[in-house]
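# Structural overview
If you want the building blocks of each chain, they are given just below.
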Amino acid sequence: MSFLGFGRPQPTSAEKIAAVENELKVVAEMHSRMVKICTLKCIDKTYREGELAKGEAVCLDRCAAKFFEAHQKISDQLQKETQAQQAGRGGGFGMQ
């Protein structure tokens, strides 16, 4: 609990664990989408060689970088919007 009952209540251990599990789920889903999209875009369907060609490796690197950059921008924007909504609700002292 915060000082004199004001402010945001502190999350419980169960809430912290749930938040971490949710974050892990989001990251795993993002990784899965990235692998699928970048593989379709960059890997030759004929699999002529056992290892990645230089062009495929460069394509995968750029694709992954762009995917992470886009994910970060979206995450930042969502976080700003969430904070703005919480501020609009009068979350200053935890009173609603």
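Per an unreviewed UniProt entry, the chain goes by the name Mitochondrial import inner membrane translocase subunit and belongs to Diplogelasinospora grovesii. Check the Sequence similarities (unreviewed entry) section of the UniProt entry for the chain; it says "Belongs to the small Tim family." The Subunit (unreviewed entry) field of the UniProt record for the chain holds the comment "Heterohexamer."

Right, let's talk about the packing of helix α1 (residues 13-42) against helix α2 (residues 54-88) for a bit. Contact geometry for α1 and α2: axes closest at 10 Å, N-to-C directions at 145 degrees. For the pair α1 and α2, the sense of crossing is right-handed. On the side of α1, the interface is formed by Val26, Met30, Arg33, Met34, Ile37, Cys38, Thr39, Lys41 and Cys42, while α2 contributes Glu56, Cys59, Leu60, Cys63, Ala64, Phe67, Phe68 and His71.

Criteria and thresholds
Each chain has its residues counted from 1, following the order in which its sequence is written. Given that this is a predicted model, residues contribute local features only at a pLDDT of at least 70 and side-chain atom pairs are listed and counted only at 80 or more, while totals for whole chains, interfaces and linings are drawn from all residues. Values reported for side chains reflect all heavy atoms of the structure, with hydrogen atoms and water molecules removed beforehand. UniProt positions are given in the numbering used here, feature names are shortened, and annotations may be inferred rather than shown by experiment. Helix axes are fitted to C-alpha atoms over the stretch in contact, other axes to C-alpha atoms as well, and angles between N-to-C directions run from 0 to 180 degrees. Working definition: helices are DSSP H or I runs of at least four residues, strands are E runs of at least two. Numbering for both runs from the N terminus. Two helices that cross are described as forming a left-handed crossing if the nearer one is turned anticlockwise from the farther one by less than a right angle, and a right-handed crossing if clockwise. We call two residues in contact when some of their heavy atoms are within 4.5 Å.

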